[in-house]
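Coordinate inspection notes
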Amino acid sequence: MKLASLRDGTRDGRLLVVSRDLTQAVLAPYATLQAALDDWDEAEPQLQMASEDLATGRMDDAFPFDPAACESPLPRAYQWADGSAYVNHVELVRRARGAELPESFWTDPLMYQGGSDGFLGPRDAIEIFDRGWGADFEAEIAVVTDDVAMGSSPDAAAERIRLLMLVNDVSLRNLIPGELAKGFGFFQSKPASSFSPVAVTPDELGSAWDGRKLEGELCSTLNGELFGCPQTGDDMTFDFPQLVAHAARTRGLCAGSIIGSGTISNRGEDGGPGKPVADGGRGYSCIAERRMLDKIETGEFRTPFLKDGDTVGIDMLDDDGQSIFGAIKQTVVEIDRP
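Source: prediction; values computed, not measured.

1. Here's the deal with the overall build of the chain
Scanning the chain from terminus to terminus reveals seven helices and 19 strands. Relative to its length of 338 residues, the chain is compact, with a C-alpha radius of gyration of 19 Å against a globular reference of 20 Å. The buried share of the chain, taken over its 338 residues, is 54%. Partitioning the intrachain contacts of the chain with sequence separation of at least 6 by distance along the chain shows that 72% fall at a separation of at least 24. Approximately 14800 Å² of the chain is accessible, and the part contributed by carbon and sulfur atoms is 47%.

Structure below.
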């Protein structure tokens with residue numbers, strides 16, 4: 001089934017059950033997604049029944065689904081922890097700032113704890129005060145968990161994954177080096193992230209989800225031009241159960257915790273950084289990787305970071321060409337300081 005949160009003036013929105021083709025919706029029997037996740041064993045059958053009734057036309061109160069009227073599925077969350085499962089991405093962005101890649105990054109996942117007190121909606125503007133911050137998009141996948149016990153194994157963690165979503169993990173690239181140099185991690189360089197219009201249960205994904213990885217093309221556009229379509233199942237060094245278990249190594253995770261994959265990134269056929277879409281490659285899921293290729297080819301960074309008026313799109317289609325999660329579509333807006 002597919003779930004969304006209608007913007008209704010409250011902090012947590014109103015939970016909707018959405019049709020498979022993303023055209024119809026109905027109010028869910030639970031008020032919010034967090035409430036449903038807190039009571040998942042009871043909620044899941046009720047939500048599934050509503051989904052089946054919607055699919056068969058038995059819901060008289062169904063209405064057209066409008067992604068632009070929605071918050072992210074969880075408008076805020078108890079926890080948002082983003083991994084970096086695609087080590088190729090880490091290697092490229094570190095090369096861009098002249099940093100070596102420690103060998104341990106291939107065996108021990110990276111993860112940072114992001115701000116989760118308020119996410120952007122899937123069609124909300126990306127607001128920035130200063131173009132010099134180097135605003136970038138990052139196309140990712142995330143899972144939403146049920147309660148996960150401290151010390152859970154990856155196999156145990158796999159059983160606690162309830163939903164999947166797309167992510168735009170907005171980054172301010174030019175603020176990152178200074179923050180990391182302090183040895184205390186990201187903070188100002190990681191503003192609010194946004195998520196796809198709907199969150200999807202694993203069973204909805206069929207063979208594309210094997211319980212550990214999602215297989216498919218995650219396509220990003222910049223100003224309407226295809227920027228990247230990497231395969232999410234390729235070059236994923238750490239799968240989702242490993243990431244969830246890593247997050248729960250020393251503390252339990254509560255229902256509604258969001259764990260991200262990090263930027264989807266594929267190596268080229270020659271094992272290198274890959275090629276842009278225009279050159280027959282799979283492209284990139286963030287501007288920083290494209291800039292690294294600039295540096296390799298020309299000795300300087302040529303691709304600009306996001307600026308006022310730029311538009312970013314992130315989507316994944318099924319085998320029939322239909323959007324699975326609904327598209328993230330955002331415009332960058334440079335605003336004055338309050």
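So, next bit.
2. Examining the pattern of salt bridges
Where charged atoms of side chains with opposite charge meet at close range, the side chains can pair. Considering all chains together, one arrives at 18 salt bridges under this definition. With its nearest N and O atoms 3.2 Å apart, the salt bridge here joins Lys-307 to Asp-310. Asp-310 sits in the buried class, given a relative accessible area of 6%. Within this structure, Asp-136, Glu-138, Asp-169, Arg-173 and Lys-190 form a network of salt bridges that share partners.

3. Some thoughts on the pairing of strand E19 (residues 328-334)
Pairing of strand E8 (residues 126-128) with E19 involves three bridges; the strand directions are parallel. The partner of Ile-126 across the bridge, within E19, is Val-332.

4. What about the state of the cysteines?
Counted according to the given criterion, the structure contains one disulfide. Disulfide pairing is shown between Cys-219 and Cys-229; the S-S distance is 1.9 Å. Handedness here is read from the sign of the S-S torsion; for Cys-219 and Cys-229, about 110°, the answer is right-handed. Of this pair, Cys-219 sits in strand E15 (residues 218-222) while Cys-229 is found in the loop between strand E16 (225-228) and helix H6 (240-247), placing the two residues 10 residues apart along the sequence.

5. Things to note about the pairing of strand E6 (residues 80-83)
The alternating pattern of E6 places Trp-80 and Asp-82 and Ala-81 and Gly-83 on opposite faces, both of which are buried. In this structure, E6 lies alongside strand E17 (residues 258-260), joined through three bridges in parallel fashion. Bridge pairing links Asp-82 to Gly-260 in E17.

6. Some remarks on the sheet that holds E8
Taken in spatial order, the five strands of this open sheet run E8-E19-E18-E15-E16, and their pairing is mixed. Two strands bound the open sheet, and with one partner strand each, they are E8 and E16. Strand-to-strand twist across the sheet, computed as the mean angle between neighbouring axes with direction ignored, equals 25°. Sheet topology places E15 next to E16; three bridges connect them, and they run antiparallel. Counterpart to Thr-221 in the pairing with E16 is Leu-226.

7. Here's the deal with H6
Residues spaced three or four apart along an α-helix point in a common direction, a consequence of the helix completing one turn every 3.6 residues. Counting buried residues in H6 gives six out of eight residues, a clear majority hidden from the surface. Turning to H6, its buried residues number three or more, namely Phe-240, Pro-241, Leu-243, Val-244, Ala-245 and Ala-247. Where H6 is buried, its residues meet strand E7 (111-113), strand E10 (139-145), helix H4 (154-158), strand E11 (161-168) and E17.

8. A closer look at the packing of aromatic side chains
Under the definition given, this model contains six aromatic pairs. With a centroid separation of 5.1 Å and an interplanar angle of 80°, the aromatic rings of Tyr-112 and Phe-186 are classed as edge-to-face. Of this pair, Tyr-112 sits in strand E7 while Phe-186 sits in the loop between helix H5 (176-181) and strand E13 (194-195); the two residues are 74 residues apart in sequence, bridging distant segments of the chain. Taking relative accessible area as the criterion, Phe-186 reaches 27% and is therefore assigned partly exposed. Ring centres 4.8 Å apart and planes at 75° place the aromatic pair Phe-119 and Phe-195 in the edge-to-face group. Remark: Phe-195 occurs in strand E13 and Phe-119 occurs in the loop between E7 and E8; sequence separation between them is 76 residues. Side by side, Phe-119 and Phe-195 carry an identical accessibility label, which is buried. Here the guanidinium or amino end of Lys-190 rests over the ring plane of Phe-186, the centre of that ring lying 5.1 Å away. The lysine or arginine in question, Lys-295, covers the ring of Phe-301, its NZ or CZ lying 5.2 Å from the ring centre.

9. Quick look at the nonpolar core
In terms of nonpolar packing, the biggest core is built from 58 residues, with Phe-65, Ile-141 and Phe-325 touching the most fellow members. Here this core gets five residues from one element, more than from any other, and that element is H6. If we ignore the near neighbours within four places in the chain, the residues touching Phe-65 are Ala-4, Leu-16, Val-18, Leu-22, Thr-23, Gln-24, Ala-25, Cys-70, Pro-197 and Val-198. Counting residues in hydrophobic clusters, the runner-up holds 29 residues, among them Ala-43, Leu-54, Ala-255 and Ile-258.

About the thresholds
Residues numbered from 1 in each chain as written. Predicted model: local features only at pLDDT ≥ 70, side-chain atom pairs only at ≥ 80, totals over all residues. Heavy atoms only, no water. Helix = DSSP H or I, 4+ residues; strand = E, 2+ residues; numbered from the N terminus. Rg over C-alpha atoms; globule rule 2.2 N^0.38 Å. Buried < 20%, exposed > 50% of the residue type's maximum accessible area, 1.4 Å probe, protein only. Contact = heavy atoms within 4.5 Å. Areas by Shrake-Rupley, 256 points an atom, 1.4 Å probe, with all protein chains shown as cover. Salt bridge = Lys/Arg side-chain N within 4 Å of Asp/Glu carboxyl O. Pairing = 2+ DSSP bridges. Disulfide = S-S within 2.5 Å. Axes fitted to C-alpha atoms, helices over the stretch in contact; angles between N-to-C directions. Phe/Tyr/Trp six-rings, centres within 6.5 Å; stacked < 30°, edge-to-face > 60°. Lys NZ or Arg CZ within 6 Å of the ring centre and 35° of its normal. Core = buried A, V, L, I, M, F, W, Y, C linked by side-chain atoms within 4.5 Å.

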